[in-house]
Each structure stands twice: as C-alpha cells, then as structure tokens.
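Architecture and fold: a report
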Amino acid sequence: MQTELDAREFITSVRSVVRCHWCGRQGKRLTKGLCRHCNDVRKDLLRFEKEVLGVRAESEPHGRLVWLNQELAIARARKKNCIGWGQMLDDILAGHVEPLTLERAWFRPVQKSIANDDRSNHSREAALGSIFTSEQRQVLAYFLWEILGEQASHNRRNRVEGVADREILRQTDEDRAD
Ligand SMILES: [Zn+2]
C-alpha cells in the first residue's frame, strides 16, 4: 500500500515541475515558455517562413526556394515532433498506463533503439500487469519517456526528414494545382 502512495506522490511531484510548453521536458531556463532546444526550433521555423515569403516575392525565385521549402518543411515537422513529446507526457500523467501501452509505447522503442529489435514480448507485458500497480506503471512510463525524449531531441532532424519529404510532395502538388 505504501509503495502505491509513493508512486502517486512521485507523479504529483512530476506534475508540479515547470516544463517546456512544447516538448514537456524540464527546462532550467525557458524562453517564451520553451526550452532552449524548442526555442531554437521555433526560431528556425520563423526564419524559414520569413525567407520563403521573401524569395517567393522575387521575380525568379527558383533555386533557393527548393532548398528553403525543404528547410521549412523540416522546421515544421520538428515543431510537430517537439509538441508530440509533450503530448506523450500529458498522456502518461493523465491517468492509467495499461500494461500493453507500457510494453508497446515505451519498452519496445527502447528495445528497438538498443537491440534493433522490436518483437513483442508477452511475458514482459504480463509481468507489467501483475507486478506493478497502475501508478507504478505511470512512473515507469515517465522514466522511459524521459530517456527516449532526450534521445529524440538529439536527432530530431533525422527523425522528421521522412515526414518533411511527404509534406514537400503535398506542397508541390498543391502548388501545381494553383
Ligand atoms: Zn522543449
């Protein structure tokens, strides 16, 4: 019973920490509510949006615009990715973390990033359900979110490039339709 309370108290303390509005990570110094990393993403996005508008207004905008559109799409996808990590934290803190969620959303990505293997592990899922209380699973999910979120912030650009490419294709199709 005592351990259950401890886990609950821990989650309460996690909730009370000042966090970045986008990624949810604890920020020592926040600018406009954002950690340094997210604020850099925000600034990149503003810069590319401004530059794209400027170059589009030129009479022959070609060459540089291709590169700029690529960078703009990446910046947008990075912002989305940052916010996504904050939403994951919100989900963890919102309530019960089911054994299956813990296994699929948190243990498997860790397994994949370390062992390059994301096969399911049913025995782990059962143990997560029988050994840990719902609050303790919340704490576990939170710790894994911290580790994976930190890792994601270091290679965010690589992570979003596929998303950005799809965005550019969509954009190009829309431009053609204009
Ligand atoms: Zn952040």
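For the structure, see preceding data.
Here's what I pulled together on the structure shown here.

**Some words on the overall build of the chain**
Looking only at helices and strands, the chain has seven helices and zero strands in total. Its helices and strands taken in sequence order, the chain reads α-α-α-α-α-α-α from the N to the C terminus. Against the compact-globule benchmark of 16 Å for 178 residues, the chain has a radius of gyration of 20 Å, which places it well outside the compact range. Its C-alpha atoms give the chain principal-axis dimensions of about 70 × 35 × 25 Å. A buried classification covers 20% of the 178 residues belonging to the chain. Considering only intrachain contacts with a sequence separation of at least 6, the fraction spanning at least 24 residues in the chain is 69%.

**A closer look at the packing of helix α3 (residues 62-94) against helix α6 (residues 134-154)**
It is the contact of α3 with α6, at a shortest axis distance of 10 Å, that shows an interaxial angle of 175°. If you check the angle between α3 and α6, you find them roughly antiparallel. Across the interface between the two elements, Trp-85, Met-88, Leu-89 and Ile-92 from α3 touch Gln-138, Ala-141, Tyr-142, Trp-145, Gly-149 and Ala-152 from α6. Of the residues contributing to the contact of α3 with α6, the split by class is eight nonpolar, two polar and no charged.

**Observations regarding helix α4 (residues 99-115)**
Residue Phe-107 marks the point of greatest curvature in α4, where the axis turns by about 35°; the proline Pro-109 follows within four residues. Buried within α4 are the following residues: Leu-102, Glu-103 and Trp-106.

Definitions and limits used
- Residues numbered from 1 in each chain as written.
- Predicted model: local features only at pLDDT ≥ 70, side-chain atom pairs only at ≥ 80, totals over all residues.
- Helix = DSSP H or I, 4+ residues; strand = E, 2+ residues; numbered from the N terminus.
- Rg over C-alpha atoms; globule rule 2.2 N^0.38 Å.
- Buried ≥ 20, exposed ≤ 12 C-beta atoms within 10 Å, placed from the backbone.
- Contact = placed C-beta atoms within 7 Å.
- Axes fitted to C-alpha atoms, helices over the stretch in contact; angles between N-to-C directions.
- Parallel < 35°, antiparallel > 145°, perpendicular 65-115°, else oblique.
- Nonpolar A, V, L, I, M, F, W, Y, C, P; charged D, E, K, R; others polar.
- Bend = angle between axes of the 7 residues up to and from the residue.

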